[in-house]
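So you can see what is in the structure, the chains are spelled out below.
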Amino acid sequence: MQKTLIIIGLLIAAVGLAWPWLGKLPFGRLPGDIHIVREGGGFYFPIVTCLVISVVVSLVIWLLRR
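Residues numbered from 1 in each chain as written. Predicted model: local features only at pLDDT ≥ 70, side-chain atom pairs only at ≥ 80, totals over all residues. Heavy atoms only, no water.

1. Thoughts on the overall build of the protein chain
In terms of helices and strands, the protein chain carries two helices and two strands. Listed by position from the N terminus, the elements making up the protein chain come as α-β-β-α. Against the compact-globule benchmark of 11 Å for 66 residues, the protein chain has a radius of gyration of 16 Å, which places it well outside the compact range. Overall size of the protein chain, expressed as C-alpha extent along the three principal axes, is 50 × 25 × 20 Å. Residues classed as buried in the protein chain amount to 5% of the 66 residues present. Of the accessible surface of the protein chain, which amounts to about 6,100 Å², a share of 74% is contributed by carbon and sulfur atoms. (Helix = DSSP H or I, 4+ residues; strand = E, 2+ residues; numbered from the N terminus. Rg over C-alpha atoms; globule rule 2.2 N^0.38 Å. Buried < 20%, exposed > 50% of the residue type's maximum accessible area, 1.4 Å probe, protein only. Areas by Shrake-Rupley, 256 points an atom, 1.4 Å probe, with all protein chains shown as cover.)

Okay, structure coming up:
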């Protein structure tokens, strides 16, 4: 359990350090993401981005368990 928590912490720190470069990736602006803008406000749901991230995370976990 300790090893898992340390790895998760290191991954979070790595993402935090890489955030300026990760912000330039097209995630969150993929075709299929729902974006509705009206006078009173807006609604944004990145459904395709969520699916892509889910597939990538699932593949990484699957590879780590092998």
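2. A closer look at the UniProt feature "transmembrane region" (unreviewed entry) in the protein chain
Residues given the UniProt feature "transmembrane region" (unreviewed entry) here are residues 44–64. Overall, residues 44–64 shows 86% helix and 10% strand. The separation of its end C-alpha atoms is 33 Å. (UniProt positions renumbered as here; feature names shortened; annotations may be inferred.)

3. Observations regarding the environment of Thr-4
Tracing the sequence through the fold places Thr-4 in helix H1 (residues 2–22). Given the relative accessible area of 43%, Thr-4 is considered partly exposed.

4. Observations concerning the side chain of Asp-33
One can find Asp-33 in the loop between H1 and strand E1 (34–38). Classification of Asp-33 as buried rests on a relative accessible area of 14%. Separated by 3.1 Å, the side chain of Asp-33 and the backbone nitrogen of Val-48 make a polar contact. In this structure the side chain of Asp-33 is engaged in a polar contact, spanning 2.9 Å, whose partner is the side chain of Thr-49. Leave out the neighbours within four places in its chain, and Asp-33 touches Gly-28, Tyr-44, Phe-45, Pro-46, Ile-47, Val-48 and Thr-49. (Polar contact = N/O pair within 3.5 Å; in protein donor to acceptor, adjacent residues only side chain to side chain. Contact = heavy atoms within 4.5 Å.)

5. Observations regarding the pairing of strand E2 (residues 41–45)
One ladder, built from five bridges, connects E1 with E2; its direction is antiparallel. Paired with Arg-38 across the bridge in E2 is Gly-41. Linkage of E1 to E2, two consecutive antiparallel strands, is achieved through a turn of two residues. (Pairing = 2+ DSSP bridges.)

6. Quick look at H1
With 21 residues, H1 extends 28 Å from end C-alpha to end C-alpha; this agrees with the ideal 30 Å at 1.5 Å per step. In the structure, H1 departs most strongly from a straight axis at Gly-16, where the bend amounts to approximately 40° and where the proline Pro-20 lies between one and four residues downstream. Of all 21 residues in H1, zero are buried, a share of ten percent or less. (Expected span 1.5 Å × (residues − 1). Bend = angle between axes of the 7 residues up to and from the residue.)

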